[in-house]
Structures are given as structure tokens and as C-alpha cells.
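Structure at a glance
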Amino acid sequence: QNRRPLAIAFLAVGVLTFGGSSVLIRLCAFPSGLVASLRMAIAGLVLLPFVAGRLGPLARTIGNRRLAALLVPGLLLGIHFHLWVAGVRLTTVAAATFIFATNPVLFAIVEVAAYRRRLAKTDWLALTLVAIGGAWLLLSGSGRADLAGIILCFASTAVFVAYLVAAEVTSAGIPHPTFLSLIYLAGGALTLPLALL
């Protein structure tokens, strides 16, 4: 069974909702930190009823230590959202969204350096174009506030790549919905004190 059309449909919806979320962040009157922590906590709580029955058996299967290790990607994702929301508030939605789209460049660097993976010439060409676009946005920031927002968005992108690496290490053997619920709850709870400050 060919699942490619379904995968493309899910990716398209994901891209649209991601772009729309940045607009909603700009319109929301809540403080940046509270938006970042609550969006994670609420997402985790929405998923929790669907996975709650699996948590006990999962803890017995993988052990409490591996379950506790999920705090790491959760915290990294929480920090990513805090930096991202603060950055979106200080720059344009278009710039922030494009900057986040440069995360494949950083992830490719990690893959080549840490995992010794080889990339095709076309991959390098595409990544170079994305990197040039990101550098252009960084250098063309209009005003100090805009530049600060761009730097925060770049920092959030770097932390997101660290999250992806941590998630790859810690998620083995854990069903995807359960993993998402746990890391979103962890990220929301761990960064909530930062939001309240």
C-alpha cells in the first residue's frame, strides 16, 4: 500500500498549521514564556487520555530510568519554544518561519560530524541555499529589536536540532503518541517556572 500521498497530505497540513501558529503567537496578548509553556502542557494533556493506560506497562517494559530520560528532550523542546515565541514577538512572522526552516542545515552538520553520514551533492546545494537565505535575513535585520528576534529564532532552531538528536536517542521502543504526550508534559512543566518569572 502506497502511503506517500497520505504522508504528503500530513506534511502539507503540518506546514500550514506551523505557519498559522506564528501568526497566532503574534496576536496573543499573553506573555511569551506563558504561551510557550502552556502550548506544550495543553498539547500533552490533550494526548494524555489516549495514552494514559499504556504508561504503567511502558514503565515496566523500559524501566523508570529510560522513562526519566524523556525529561531531556522535553526540556530541550520547552527551551526551543520559549526562544521561538520570544523571537517571533520581536521580528516578522515571515523571517521567523524561514529561519526555523534552516534547521535541516544544522541537522545535516550534526549528521555528518557525529553520525558520519554522506550527503549527495544535491543535498549540499539545497542546504547551501537555505544557509545563504538564513544569513541574508540575519544581516538584513531592520533595527535592534528585529535583530534580537532573528538571533532568538536562530537559537531556537539550534536547540530544536539538539531536541531531535535527544529524541532519536530516547524514543526507541516508545509508541509515538505516548512519547509526544510525555515530552510535551515534561517540557511544559519544566519550563513553567521560567514562564512565571
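Conventions used here
- Residues numbered from 1 in each chain as written.
- Predicted model: local features only at pLDDT ≥ 70, side-chain atom pairs only at ≥ 80, totals over all residues.
- Heavy atoms only, no water.
- Patch = residues over 30% accessible without salt bridge, like charges linked within 9 Å, V, L, I, M, F, W, Y side chains within 5 Å.
- Areas by Shrake-Rupley, 256 points an atom, 1.4 Å probe, with all protein chains shown as cover.
- Salt bridge = Lys/Arg side-chain N within 4 Å of Asp/Glu carboxyl O.
- Helix = DSSP H or I, 4+ residues; strand = E, 2+ residues; numbered from the N terminus.
- Axes fitted to C-alpha atoms, helices over the stretch in contact; angles between N-to-C directions.
- Parallel < 35°, antiparallel > 145°, perpendicular 65-115°, else oblique.
- Left-handed = near helix turned anticlockwise from the far one by under 90°.
- Contact = heavy atoms within 4.5 Å.
- Nonpolar A, V, L, I, M, F, W, Y, C, P; charged D, E, K, R; others polar.
- Phe/Tyr/Trp six-rings, centres within 6.5 Å; stacked < 30°, edge-to-face > 60°.
- Buried < 20%, exposed > 50% of the residue type's maximum accessible area, 1.4 Å probe, protein only.

**With respect to a nonpolar patch on the surface**
Taken together, the side chains of Phe30, Leu38, Ile42, Val46, Leu192 and Leu196 define a hydrophobic patch exposed on the protein surface, amounting to about 560 Å² of accessible area. Those elements that provide at least two residues to the nonpolar patch are helix H2 (32-62) and helix H9 (176-196). Here the element with the most residues in the nonpolar patch is H2; it accounts for 3 residues. Along the polypeptide, Ile42 turns up in helix H2.

**Things to note about the packing of helix H1 (residues 4-27) against helix H5 (residues 93-100)**
Where H1 meets H5, the axes come as close as 10 Å, and the angle between the chain directions of the two elements is 135°. In terms of orientation, H1 and H5 fall into the oblique class. At the point where H1 passes H5, the crossing takes the right-handed sense. Counted together, Phe18, Gly19, Ser22, Val23 and Arg26 of H1 and Val93, Thr97 and Phe100 of H5 form the full contact between these two elements. Residue composition of the contact of H1 with H5, grouped by class: 4 nonpolar, 3 polar and 1 charged.

**Notes on the packing of aromatic side chains**
For the structure on display, the rule yields 2 aromatic pairs. Measuring from centroid to centroid gives 6.4 Å for Phe81 and Tyr184, while their planes differ by 45°, and the two rings are tilted. One end of the pair, Phe81, is in helix H4 (residues 71-90); the other, Tyr184, is in helix H9, and 103 residues separate them in sequence. Between Phe160 and Tyr163, the ring centres sit 5.5 Å apart and the planes meet at 40°, which makes this aromatic pair tilted. Residue Phe160 and its partner Tyr163 are both found in helix H8 (residues 144-170); the two are separated by 3 residues, about one turn of the helix. Accessibility expressed as a relative area gives 9% for Tyr163, which makes it buried.

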